[in-house]
Amino acid sequence: MIEQILDKNNFNKSDIIRLLQTNEIESNLLFKKSATVKQKNVGNIVYYRGLVEFSNICKKDCYYCGIRHSSQTVRRYNLEDNEILEAAKVAYREGFGSFILQSGEIQNPLFTKRIEYLLKQIKKISNNQLGITISLGEQNKETYQRWFDAGAHRYLLRIEASNIDLYSQIHPNDKRHRFNNRLACLISLKEIGYQVGTGVMIGLPFQTYEHLADDLLFMKHIDIDMCGMGPYLEHEKTPLYAHQSELLSKKTRYSLSLKMIAILRLLMPDINIAASTAMQTINNYGRERAIQVGANVIMPNITPDKAREDYYLYDNKPMHTQYERKYLEDNLKNINHTIGYNKWGDSLHYKQKNAKNSLFKPRTIH
Ligand code: SAH
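1. Points about the nonpolar core
One finds Phe-99, Ile-134, Trp-147, Tyr-194 and Met-229 to be the most contacted residues of the largest nonpolar core, which totals 101 residues. When residues of this core are assigned to their parent elements, the largest contribution, 10 residues, is made by helix α10 (residues 250-267). In this structure, Trp-147 is in contact with Phe-111, Thr-112, Ile-115, Glu-116, Leu-119, Ile-134, Leu-136, Gln-139, Ala-152, Tyr-155 and Tyr-194, ignoring residues within four places of it in sequence.

Below, the structure is given as structure tokens:
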């Protein structure tokens, strides 16, 4: 039965639900297949993106998030430009190849200008060598365009939940939190020419297998280039914590996340898939396991120590103060993977898509 599904070259919704419900023995068949498909399409190279969470100031009030606007207990910070640029230098020096700027969501002309400046500076100090991903939430198209023109070429914006009803259950019902706006942002980013990444949280309250299957079909349908998804983890000081007793166990959320990654690799063989920090939060080797079943990107956190503990999205988020390079390198070697140092590690899916469509002019890719 599972073998028959795995032999297909495309899955329908009920196939995906069945794959998500696999027991341990069956899921090993899924993982074996996804590992083979990954090897064939993107190989055994893991790309690093040095992640800097430069500010936790946020105008949104997402019910799951530890740095939501209304949280009174969060100490708000905003790193200085020079601190961000220092981190970019570290990423460059360490051969990470790519840098990610992430923060809470704010929209204003000063913020737009500041990011534009930072992007140009990062390009300058790295002799145009560092690839840049940004993850700065919902913005208008003009802002996205300015940031693209300033040197960002990849954008991460998780849809969080692709079902509009579920989305409405985990966000306030107001104009700052419109599903349709988030979706429109993903489309604008794509039109501008970014490599676009999205993703969802897995194991949310109210979420069903059907929702998760639809999440994967949504990603396929909007033809994403990258994905970052991981388990939902509760944060004590958020509204969704009230539903804590209804959650799947952490172990189940973790194994469901692995299955989601594996199925997505089968559905979209040549995209980039990140092994999320939330996986690592549940299992020390969560990221390595994600790599084994289909992921090919890791985002080591290089946020300066003084800010690290204030970007506390969920309980028990790892706070390694030490740079974990050697540790990760050894672990990845043990699972027969190498690290793509000094490479952008762009999405092959994006490249292949654009090669087919000559009207589209992608930014030069390393
Ligand atoms: N503001 C930016 C990104 C900041 S948070 C944006 O909107 O794109 C980055 C991601 O952390 C979010 O997209 C969300 O999926 C995840 N996250 C937030 N709270 C979480 C929680 N409690 N458990 C798991 N992931 C969470």
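2. A short note on the pairing of strand β2 (residues 50-55)
Counting buried positions along β2 yields 6 of 6 residues, so the element is predominantly enclosed. Sheet topology note: the β2/strand β3 (residues 98-103) ladder contains 5 bridges and is parallel. Paired with Val-52 across the strands is Leu-101, a residue of β3. Crossover handedness for the path β2 to helix α4 (residues 81-93) to β3: right-handed.

3. Structural notes on the site of the ligand
Close contacts around the ligand come from 18 residues, with Tyr-64, Glu-105, Arg-158, Glu-160 and Leu-233 the closest. Ser-103 is positioned such that a nitrogen or oxygen atom in its backbone is 3.1 Å from a nitrogen atom of the ligand. Between Arg-182 and the ligand, the recorded distance is 3.1 Å, taken from a side-chain N or O atom to an oxygen atom. For the ligand, whose free accessible area comes to 550 Å², the fraction covered by protein is 92%. Looking at the shell around the ligand residue by residue, the classes come out as 10 nonpolar, 4 polar and 4 charged.

4. Details of the state of the cysteines
A full pass over the atoms with the stated rule returns 0 disulfides. Sulfur of Cys-227: no disulfide; nearest cysteine sulfur belongs to Cys-185 and is 18 Å away. The buried category is assigned to Cys-227, whose relative accessible area is 3%.

5. What about the packing of α4 against helix α5 (residues 109-125)?
Between α4 and α5, the least distance of the axes is 10 Å, while the angle of their chain directions is 35°. Regarding α4 and α5, the two cross each other, and that crossing is right-handed. Listed contacts from α5 to Asp-81, Ile-84, Leu-85, Ala-88, Lys-89 and Tyr-92 of α4 are Arg-114, Tyr-117, Leu-118, Gln-121, Ile-122 and Ile-125. Residue composition of the contact of α4 with α5, grouped by class: 8 nonpolar, 1 polar and 3 charged.

6. Remarks on the environment of Asn-108
Relative to the elements of secondary structure, Asn-108 occurs in the loop between β3 and α5. Since its relative accessible area comes to 31%, Asn-108 is described here as partly exposed. C-alpha of Asn-108 to C-alpha of Ala-278: the two residues are 170 residues apart in sequence and 30 Å apart in space. Within polar-contact distance, the side chain of Asn-108 engages the backbone nitrogen of Phe-111 at 2.7 Å.

7. Observations regarding the side chain of Arg-182
Mapping Arg-182 onto the fold places it in helix α8 (residues 179-192). The exposure class assigned to Arg-182 is buried, which follows from its relative accessible area of 5%. A polar contact is formed between the side chain of Arg-182 and the backbone oxygen of Arg-158, at a distance of 2.6 Å. Not counting residues up to four positions away in its chain, the partners in contact with Arg-182 are Lys-60, Glu-105, Glu-138, Leu-157, Arg-158, Ile-159, Glu-160 and Tyr-167.

8. Quick word on the packing of helix α6 (residues 141-149) against α8
At their nearest, the axes of α6 and α8 sit 10 Å apart, and the two run at 40° to each other. On the basis of their axis angle, the class for α6 and α8 is oblique. Crossing geometry of α6 relative to α8 is assigned as right-handed. Residue-level inspection shows Lys-141, Tyr-144, Gln-145 and Phe-148 of α6 in contact with α8, the latter providing Cys-185, Ser-188, Leu-189, Glu-191 and Ile-192. A breakdown of the residues in the contact of α6 with α8 according to their chemical character gives 5 nonpolar, 2 polar and 2 charged.

9. Focus on the side chain of Gln-195
For Gln-195, the location among the structural elements is in strand β6 (residues 195-198). Among the polar contacts made by the side chain of Gln-195, one reaches the side chain of Asp-346 at a distance of 2.7 Å. In this structure, Gln-195 is in contact with His-153, Arg-154, Tyr-155, Asp-225, Met-226, Asp-346, Ser-347 and Tyr-350, ignoring residues within four places of it in sequence.

What counts and what doesn't
- Residues numbered from 1 in each chain as written.
- Predicted model: local features only at pLDDT ≥ 70, side-chain atom pairs only at ≥ 80, totals over all residues.
- Heavy atoms only, no water.
- Core = buried A, V, L, I, M, F, W, Y, C linked by side-chain atoms within 4.5 Å.
- Buried < 20%, exposed > 50% of the residue type's maximum accessible area, 1.4 Å probe, protein only.
- Helix = DSSP H or I, 4+ residues; strand = E, 2+ residues; numbered from the N terminus.
- Contact = heavy atoms within 4.5 Å.
- Pairing = 2+ DSSP bridges.
- Right-handed = clockwise from strand over helix to strand, strands pointing away.
- Near = heavy atom within 4 Å.
- Polar contact = N/O pair within 3.5 Å; in protein donor to acceptor, adjacent residues only side chain to side chain.
- Areas by Shrake-Rupley, 256 points an atom, 1.4 Å probe, with all protein chains shown as cover.
- Nonpolar A, V, L, I, M, F, W, Y, C, P; charged D, E, K, R; others polar.
- Disulfide = S-S within 2.5 Å.
- Axes fitted to C-alpha atoms, helices over the stretch in contact; angles between N-to-C directions.
- Left-handed = near helix turned anticlockwise from the far one by under 90°.
- Parallel < 35°, antiparallel > 145°, perpendicular 65-115°, else oblique.

Without other data, these values stay purely geometric and don't point to any function.
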